[in-house]
Amino acid sequence: MSWRSALGRVEGHGSAKEGVSHWWVQRLTSVALIPLGCWFVIALLALPQLDYSTVAAWVRGGWTAPVLILFVIVGAWHSQLGVRVVVEDYVGDVGMKTLALALSSFAHIVLAAIGVFAVLRIALGSAA
Amino acid sequence: MSPPETSGAPPRGRPLSPHMSIYRMSRYSLLSSISNRFAGLLLSLGLLLLLYWLISLAEGARAYAGAHAVLSSLPLKVIYALLALAFAYHLAAGVRHLVWDTGHGLSRQQSQRSARWVFAIALLIAAVLIWWALFSGAGAQ
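All values reported here derive from a predicted model rather than from experimental measurement.

### Brief notes about the overall build of chain B
Right, on to step 1. If you tally the helices and strands in chain B, you get four helices and zero strands.
Right, on to step 2. Looking at the 141 residues of chain B, the share that counts as buried comes to 21%.
Right, on to step 3. Taking the intrachain contacts of chain B between residues at least 6 apart in sequence as the baseline, contacts between residues at least 24 apart amount to 64%.

Written as structure tokens, this is what we have:
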């Protein structure tokens, strides 16, 4: 614990000017996820069955694939921002914190990429 | 001496952060805040299930049949109920946050009232979703 004042510690460093960006993107993604999340949950529950042909037909039909891709991307993005806040608040050790943030970012980007690829593969019908 | 009971926001003028060293969260705001984080984390884990489901679907009918057996097992159904609750709560609490961001509902009384509303609405939405999943549509099988 340092006895320097908070002002003394930050003086001269300037702000990173990125704080607002995190806040703003978290809001944008949360607003987008209201319709996207509700759509996904309702569409899933409205499916008559969850067997392969029904679900594949649903993903291939209409506008499902692009909206599903949006849901995966925005969901992963929002999740990354949220997990980041939790890690920043509860992981004290700087090294562990950096590691956790890096792993979380990698994991979310990989998840989004795989998710988009999977939806495209289903929708474009390259799978048997 | 108990800490002063302010929301941290001045009635007018520029918003101020609460003085963290003397700020005491009320039980309601503490509970609603930690629940929202927990719900969000649960939904992040739900993302993994969504990915598993989509990947197996992309792999074709045989892979999907295997994943379907896992995904429709009883422990997973319990997890879906928890995810429904987390989704409903995160949705309601998220809307509450968006309202706060416009500068409304920040007073102590208002935020305690909205915390209770959020719990009630979340329970209602979750109950409807779980009911729907249990008694009609795909989840009934």
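Having put the structure on the table, let's press on.
### A few points about the overall build of chain A
Right, on to step 1. Helices and strands together make up the secondary structure of chain A, namely five helices and zero strands.
Right, on to step 2. Relative to the 2.2 N^0.38 estimate, which gives 14 Å for 128 residues, the radius of gyration of chain A is 20 Å and therefore markedly larger than a compact globule would have.
Right, on to step 3. Viewed in the frame of its principal axes, chain A has a C-alpha envelope of about 65 × 25 × 20 Å.
Right, on to step 4. Within chain A, the proportion of its 128 residues that are buried is 20%.
Right, on to step 5. The contacts in chain A between residues at least 6 apart in sequence include a share of 70% that link residues at least 24 apart.

### Quick notes on helix α3 (residues 52-60) of chain A
Right, on to step 1. Those residues of α3(A) lying buried are A:Val55, A:Trp58 and A:Val59. Taken around the axis of α3(A), the buried residues stretch over an arc of 95 degrees, which confines them to a single face. Structural note: α3(A) exposes A:Ser53 and A:Ala57 on the side pointing more than 90 degrees away from its buried face.
Right, on to step 2. Where the residues of α3(A) are buried, they touch α4 (64-90) and α5 (94-124) of chain A together with α1 (27-59) of chain B.
Right, on to step 3. Note on α3(A): the residue one or two positions beyond its end, A:Gly62, has a positive phi of about 50 degrees.

### Digging into the packing of α4(A) against α5(A)
Helix-helix packing is characterised by the crossing angle of the two axes and by the distance between the axes.
All names here are of chain A.
Right, on to step 1. Direction vectors running N to C along α4 and α5 enclose 170 degrees, while the axes themselves pass 9 Å from each other. By the angle between their axes, α4 is roughly antiparallel relative to α5. Together, Ala65, Leu68, Ile69, Val72, Ile73, Ala76, Ser79, Gln80, Val83, Arg84, Val87 and Glu88 of α4 and Lys97, Ala100, Leu101, Ser104, Ser105, His108, Leu111, Ala112, Gly115, Val116, Val119 and Ala123 of α5 make up the contact between the two elements.
Right, on to step 2. Grouping the amino acids of the contact of α4 with α5 by side-chain chemistry returns 15 nonpolar, six polar and three charged.

### Digging into the interface of chain A and chain B
Right, on to step 1. Each side of the interface is counted separately: chain A has 31 residues, and chain B has 28 residues.
Right, on to step 2. Broken down by secondary-structure element, the contributors of at least two residues to the side of chain A that touches chain B are α2 (19-46), α3, α4 and α5 of chain A.
Right, on to step 3. A total of eight residues in the side of chain A that touches chain B trace back to one element, the largest contributor, which is α2(A).
Right, on to step 4. Each residue belonging to the side of chain A that touches chain B can be placed in one class, and the counts come to 22 nonpolar, seven polar and two charged.

### Examining the packing of α5(A) against α1(B)
Right, on to step 1. Look at α5(A) against α1(B): their axes get within 8 Å of each other, and the N-to-C directions meet at 35 degrees. The chirality of how α5(A) crosses α1(B) is left-handed. Packed against α5(A), whose contacting residues are A:Leu111, A:Ile114, A:Gly115, A:Ala118, A:Val119, A:Arg121 and A:Ile122, the element α1(B) presents B:Leu47, B:Leu51, B:Leu54, B:Ile55, B:Leu57 and B:Ala58 at the interface.
Right, on to step 2. Residues belonging to the contact of α5(A) with α1(B) are distributed by class as follows: eleven nonpolar, one polar and one charged.

### Focus: α2(A)
Right, on to step 1. Along its 28 residues, α2(A) runs 40 Å from first to last C-alpha, staying within 8% of the 40 Å computed at 1.5 Å per residue.
Right, on to step 2. In the structure, α2(A) departs most strongly from a straight axis at A:Leu33, where the bend amounts to approximately 35 degrees and where the proline A:Pro35 lies between one and four residues downstream.
Right, on to step 3. Taken residue by residue, α2(A) has A:Thr29, A:Ser30, A:Leu33, A:Leu36 and A:Gly37 as its buried positions.
Right, on to step 4. Structurally, α2(A) contributes buried residues whose contacts are with α4 of chain A together with α3 (74-101) of chain B.

### Comments concerning the environment of A:Gly125
Residue and element names in this part refer to chain A.
Right, on to step 1. Here Gly125 shows up in the segment after α5.
Right, on to step 2. Overall, the presence of 10 C-beta atoms within 10 Å leaves Gly125 in the exposed class.
Right, on to step 3. Gly125 sits 65 residues away from Arg60 along the chain, and the two C-alpha atoms are 7.9 Å apart.

### Examining the nonpolar core
Right, on to step 1. Core analysis: the largest hydrophobic core is formed by 19 residues, its most contacted members being A:Val59, A:Val72, A:Ala118, A:Val119, A:Ile122, B:Leu54 and B:Leu57.
Right, on to step 2. Mapped by element, the contributors of at least two residues to this core are α2, α3, α4 and α5 of chain A together with α1 of chain B.
Right, on to step 3. Core analysis: the next-biggest nonpolar cluster, separate from the first, contains 17 residues, B:Tyr89, B:Leu91, B:Ala92 and B:Ala122 among them.

### Some points on the environment of A:Trp77
Right, on to step 1. You can see A:Trp77 is positioned in helix α4.
Right, on to step 2. With 47 residues separating them in the primary sequence, A:Trp77 and A:Ser30 have C-alpha atoms 9.8 Å apart.

### Brief notes about the confidence of the model for chain B
Right, on to step 1. When pLDDT is averaged across chain B, the result is 86; 84% of the residues are at 70 or more.
Right, on to step 2. The ipTM value of the predicted complex is 0.85, and its pTM value is 0.84.

Cut-offs and rules
Residues numbered from 1 in each chain as written. Chains lettered and ligands numbered in written order. Predicted model: local features only at pLDDT ≥ 70, side-chain atom pairs only at ≥ 80, totals over all residues. Helix = DSSP H or I, 4+ residues; strand = E, 2+ residues; numbered from the N terminus. Buried ≥ 20, exposed ≤ 12 C-beta atoms within 10 Å, placed from the backbone. Contact = placed C-beta atoms within 7 Å. Rg over C-alpha atoms; globule rule 2.2 N^0.38 Å. Arc of directions from axis to C-beta. Axes fitted to C-alpha atoms, helices over the stretch in contact; angles between N-to-C directions. Parallel < 35°, antiparallel > 145°, perpendicular 65-115°, else oblique. Nonpolar A, V, L, I, M, F, W, Y, C, P; charged D, E, K, R; others polar. Left-handed = near helix turned anticlockwise from the far one by under 90°. Expected span 1.5 Å × (residues − 1). Bend = angle between axes of the 7 residues up to and from the residue. Core = buried A, V, L, I, M, F, W, Y, C linked by C-beta atoms within 7 Å. pLDDT = per-residue confidence, 0-100.

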